[in-house]
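Summary of structural features
One letter stands for each residue in the lines below.
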Amino acid sequence: MQDNATEVTAAGIARLAGVGRAAVSNWRRRHPDFPKPVGGTETSPSFALAEVEAWLRDQGKLAEVPLRERVWQQLTGHPEGPAVALVHVGCVLLLVQERPTVWLDIEAGSDERLAAKLPGVLEAVMAARFGCQPVNASGPVNTSGSVNTSGLVNPSGSVNTATPVHTPSGPQLLPSAPLLRGAVELAGELGARQTFEFLLGRYLDAHSRQYTPTPVELAGLMAELAGPALTVLDPACGTGALLRAVEARPDQTLYAQDSAPDLVALTALRLALHTRAAVRGAVGDTLRAEAYPELRADAVLCHPPFNERNWGHDELAYDARWEYGFPARNESELAWVQHALARLADGGTAVLLMPPAAASRRSGRRIRADLLRRGALRAVLALPVGAAPPYNLPLHLWVLRRPDRTPVAPEVLLVDTGAFAGEARGGPDWHAVRDAALGTWRAFARDGKLAERAGLARSVPVIELLDDDVDLAPARHLPPPAAADGVEQLAAVRDDLAATLRLTTDLTPPPAVPAPPTRWPLTTIGELARGGALLLRTGAMPGTPGSTATTAHARVPVLTDHDVLAGSPPSGTLPESDEEAVLTEPGDVVVPVLGGGSVARVVDAATAGAALGRNLVLLRPDAGALDAWFLAGFLRGTANNRQASSYASTATRLDVRRLQLPRLPLDEQRRYGARFRALDEFEQALRQAGRLGEQLLRGMYDGLTDGTVEPH
């Protein structure tokens, strides 16, 4: 099978060559030998990857395609789609991890030979790893009796617990052969698990609108709240983030179910590559057709879909799971809560991510009241805004326990971690959220009650909550912070603001002095990069020279485009993909490419070492040829940005290579650079004064309205 089976779009070609899409369009017009489209549409054609690579090399525009990029392009261009391709890759990576010598025996020879021999060995690995009967290599049969050529189940609402991953047949694997060889080669560099995480992370990022992710930090917090468990169920598993966060033990069994066959397969493969625990997966609508009706798990973790009206209200009126009351049509989340409780063993713990409305909607007050009376609901923890999608809401975590013979506790824990919300898009302070949530929960679980922690947590007698509303929103039941601490903090903010305003006055630029019109000889960033005067890097570009391999476990902060625009410290985190990151150094100049603003930031010692985020371009000037502050200052010119910008229907994108600089001697550059640096210090002081002013105003309003500050 030839690589021509893999197709690549114009955007993919631009990424391979490190240019903009406009350059690819120019090549198509100017070079009659440019490869012809082999698919796609008239407005978005696709090209054979092998032909594109050969043409780029002949033109001297491509020396070597990074292995990661090649594998990714093969995956996205797979004729059956990237989801099917990713399942095929996961199966083979599991084979390589479990039985590496078997792969060495069958990979030699043609693609046809490889595709013919793979199904048999994959069946054996799948059966051993997932504890199920192998599926015939001709492909799984769906409910209509026809063969599902994608290699995934199409259950049409039915449940299939035989296997979470169906072994693809030889004809199904043949188009994937070049991709599988590349993925195994990449696994030789990264490891099988890291390779799958890298490809899965990219896939989810490229299809972010189709999936609702559970952030890694939140998944870890939910798993720690549930505690150690031998059997764990996620009835809405998605891509397996929650089960992956469980502390791995070889004697565990992890159960997953989801209505999307591709998600179940990806979850099962991800877990099998990550842990030696037994993995069980099932495809089906959990509420309508649960796969594990006899299961009694030690823990249930769930990030259910929110605000679903078509969850089975009409069909499930007499379902035995509604032990605490039949949920209203608009209370799908309370149906998931009761499903989780029904699948728990006595004394088991469930942790669910819930929308804040579920704690106070009147339609659910009777169920909430019964959960409280019978001791099933043990805690409600309010998360900061930005903890998980939808990011504009302070979502809640509900901690539930299946009542056993132990006397029912008369109190419930309410925690509000909203104070730890981050000011940037990097999300909340997860270390503070984790410490507050776990500290209060463990103390409450041990003692059955918790002394008030002003503004953070308290245990509330159940009788106090059993009113007409049964409102469980933590913020409505927690005392305000201690008055003395609040007043002292406001005094400190006021002192800082006064000092910052004095500094701003000192840094105010002197009056502008007019200069005669000057027409400098100009050059562009692209020309400087080609001449070696600076290095140009983009965020999250794998395999680039000078980049440093880092992983999500290294906790390297990420400088995001929002950080650059707001002048704030790095606030992002690295993805789980183990993708190589470009690390910033002092003197680098970072430019956002989206939004149409005239912004450039010089990296200082405090920011150095952060990874470069997406939608950012890093320029690393040669100190003997370019002054960093001179470079950053001229890049911020409004006219300069206007001529280098392109416009789509909803966004503005900056082509950094087209930005212009005057050709000036280094001494003259430094003279301009000193003035640009002084302007940057003035700008930072103004921003700090604005932040402190807003903090002081907010604190004064809060203090006056809650009675902790005297009006005089």
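As the structure is a computational prediction, the values presented were derived from the model and not from experiment.

A short note on the overall build of the protein
Helix and strand counts for the protein stand at 23 helices and 23 strands. Across the 712 residues in the protein, those meeting the buried criterion constitute 51%. Put simply, 73% of the contacts in the protein that link residues at least 6 apart link residues at least 24 apart. If you sum the accessible surface of the protein, you get close to 32,500 Å²; carbon and sulfur atoms cover 52% of it.

Notes on the packing of aromatic side chains
This model, assessed by the stated rule, comprises 14 aromatic pairs. Summarising the aromatic geometry, the rings of Phe34 and Phe47 are spaced 5.7 Å apart at their centres and angled 85° between planes, so their arrangement reads as edge-to-face. Taken together, the residues Phe34 in the loop between α2 (21–30) and β2 (39–40) and Phe47 in strand β3 (residues 45–48) connect sequence positions 13 residues apart. Owing to a relative accessible area of 5%, Phe34 belongs among the buried residues under this scheme. Here Tyr255 and Tyr292 contribute two aromatic rings whose centre-to-centre distance is 5.0 Å and whose plane-to-plane angle is 70°, an arrangement assigned as edge-to-face. You can see Tyr255 sitting in strand β5 (residues 253–258) and its partner Tyr292 sitting in the loop between β6 (278–283) and β7 (297–302), a full 37 residues away along the chain. Following the ring pairs from residue to residue traces out a cluster consisting of Trp520, Phe630, Phe634, Tyr672 and Phe676.

Some points on the pairing of strand β4 (residues 231–234)
For a regular strand, side-chain orientation follows a simple rule: the groups alternate between the two sheet faces. Burial along β4 is two-sided: Thr231 and Leu233 and Val232 and Asp234, pointing in opposite directions, are all buried. Direction of pairing for β4 relative to β5: parallel, over a ladder of four bridges. Its bridge partner being in β5, Asp234 is matched across the sheet by Ala256. Both β4 and β7 contribute to a ladder of two bridges, which runs parallel. Bridged to Val232 within β7 is Ala299.

Side note on unusual backbone geometry
The amide bond that connects Pro389 to the next residue, Pro390, takes the cis arrangement and shows omega of -5°. Within the secondary structure, Pro390 sits in the loop between β9 (377–382) and β10 (396–401). Positive phi is not limited to glycine here, since Asn307 has a value of about 55°. Take Asn307: it is sitting in the loop between β7 and α14 (332–342). Since its relative accessible area comes to 54%, Asn307 is described here as exposed.

Overview of the pattern of salt bridges
With the rule as written, the count across this model stands at 37 salt bridges. The residue Asp314 makes a salt bridge to Arg329 at a minimum N-O spacing of 2.8 Å. Linking Asp314 in the loop between β7 and α14 with Arg329 in the loop between β7 and α14, this pair joins segments that are 15 residues apart in sequence. Of the charged contacts in the structure, one is a salt bridge between Glu464 and Arg458, with a shortest N-O distance of 3.8 Å. Judged by relative accessible area, which is 45%, Glu464 ranks as partly exposed. On the basis of relative accessibility, which here comes to 15%, the residue Arg458 falls in the buried class. The structure contains a network of salt bridges with shared partners spanning Glu323, Asp346, Asp370, Arg374 and Arg402.

As for the sheet that holds strand β1 (residues 7–9)
The strand order β1-β3-β2 describes an open sheet built from three strands, whose pairing is antiparallel. The open sheet has two edge strands with one neighbour each: β1 and β2. Bridge count for β1 against β3 is three bridges, and the pairing is antiparallel. Bridge pairing in β3 places Thr9 opposite Ser46. The strands touched by helix α3 (residues 49–58) are β1 and β3; relative to β3, the strand with the most contacts, the crossing angle is about 75°.

Remarks on the side chain of Arg129
Secondary-structure assignment places Arg129 in helix α7 (residues 111–130). Once residues within four sequence positions are removed from consideration, Arg129 is found in contact with Leu94, Glu98, Leu271, Ala272, Thr275, Arg276, Ala277, Val279 and Arg280.

Let's talk about helix α16 (residues 430–447)
For α16, which comprises 18 residues, the first-to-last C-alpha distance of 25 Å matches the rise-based estimate of 26 Å (1.5 Å per residue) to within 8%. All of the buried residues in α16 are Trp430, Ala432, Val433, Ala436, Ala437, Leu438, Thr440, Trp441, Ala443 and Phe444. Positive backbone phi, at 80°, marks Gly448, one or two positions downstream of α16.

Here's the deal with the confidence of the model for the protein
The predicted model of the protein averages 84 in pLDDT, with 88% of residues at 70 or higher. Within the model, pLDDT remains below 50 along residues 133–161, and this stretch shows 64 contacts once partners closer than five positions in the same chain are excluded. Between residues 541–554, whose pLDDT stays under 50, and residues either more than four places distant or in other chains, the model counts 32 contacts.

What about the side chain of Asp471?
Relative to the assigned elements, Asp471 resides in the loop between α17 (462–465) and α18 (483–507). Residue class for Asp471 comes out buried when judged on its relative accessible area of 15%. Among the polar contacts made by the side chain of Asp471, one reaches the main-chain amide nitrogen of Ala473 at a distance of 2.9 Å. Apart from residues no more than four positions distant in its own chain, Asp471 is found in contact with Ala359, Ser360, Leu465, Arg476 and His477.

Side note on the nonpolar core
The tendency in soluble globular proteins is for nonpolar side chains to be buried as a group. If you look at the biggest cluster of nonpolar residues, it comprises 94 residues, and the most contacted ones within it are Leu118 and Leu397. Top element by residues in this core is helix α5 (residues 82–98). It accounts for 11 residues. The residue makeup of this core includes at least three contributed by each of domain 2 (66–130 + 162–210) and domain 3 (227–251 + 274–476). With near-sequence residues (within four places) excluded, Leu118 lies in contact with Val92, Leu95, Trp103, Ile106, Leu173 and Leu180. By size, the runner-up hydrophobic cluster in this structure holds 44 residues, among which are Trp311, Leu316, Leu377 and Val462.

A few points about the pairing of β3
Sheet topology places β2 next to β3; two bridges connect them, and they run antiparallel. Within β3, the residue paired with Gly40 across the bridge is Pro45.

A word on the sheet that holds β10
With respect to topology, nine strands assemble into an open sheet ordered β6-β5-β4-β7-β8-β10-β9-β11-β12, the strand pairing being mixed. Only two strands of the sheet have a single partner each, and these edge strands are β6 and β12 (457–461). Within the sheet, the average angular offset between the axes of one strand and its neighbour, ignoring direction, is 15°. Where α14 meets the sheet, its contacts fall on β7, β8 (344–354) and β10, and the angle it forms with β8 comes to roughly 155°. Here α16 sits on the sheet and contacts β9, β10, β11 (411–416) and β12; the angle it forms with β11, its principal contact strand, is near 170°.

As for the environment of Ala50
Take Ala50: it is sitting in helix α3. For Ala50, a relative accessible area of 26% gives the class partly exposed. Sequence separation between Ala50 and Pro35 is 15 residues; the distance between their C-alpha atoms is 9.8 Å.

Parameters and conventions
Residues numbered from 1 in each chain as written. Predicted model: local features only at pLDDT ≥ 70, side-chain atom pairs only at ≥ 80, totals over all residues. Heavy atoms only, no water. Helix = DSSP H or I, 4+ residues; strand = E, 2+ residues; numbered from the N terminus. Buried < 20%, exposed > 50% of the residue type's maximum accessible area, 1.4 Å probe, protein only. Contact = heavy atoms within 4.5 Å. Areas by Shrake-Rupley, 256 points an atom, 1.4 Å probe, with all protein chains shown as cover. Phe/Tyr/Trp six-rings, centres within 6.5 Å; stacked < 30°, edge-to-face > 60°. Pairing = 2+ DSSP bridges. Salt bridge = Lys/Arg side-chain N within 4 Å of Asp/Glu carboxyl O. Axes fitted to C-alpha atoms, helices over the stretch in contact; angles between N-to-C directions. Expected span 1.5 Å × (residues − 1). pLDDT = per-residue confidence, 0-100. Polar contact = N/O pair within 3.5 Å; in protein donor to acceptor, adjacent residues only side chain to side chain. Core = buried A, V, L, I, M, F, W, Y, C linked by side-chain atoms within 4.5 Å. Domains from an automatic or database assignment.

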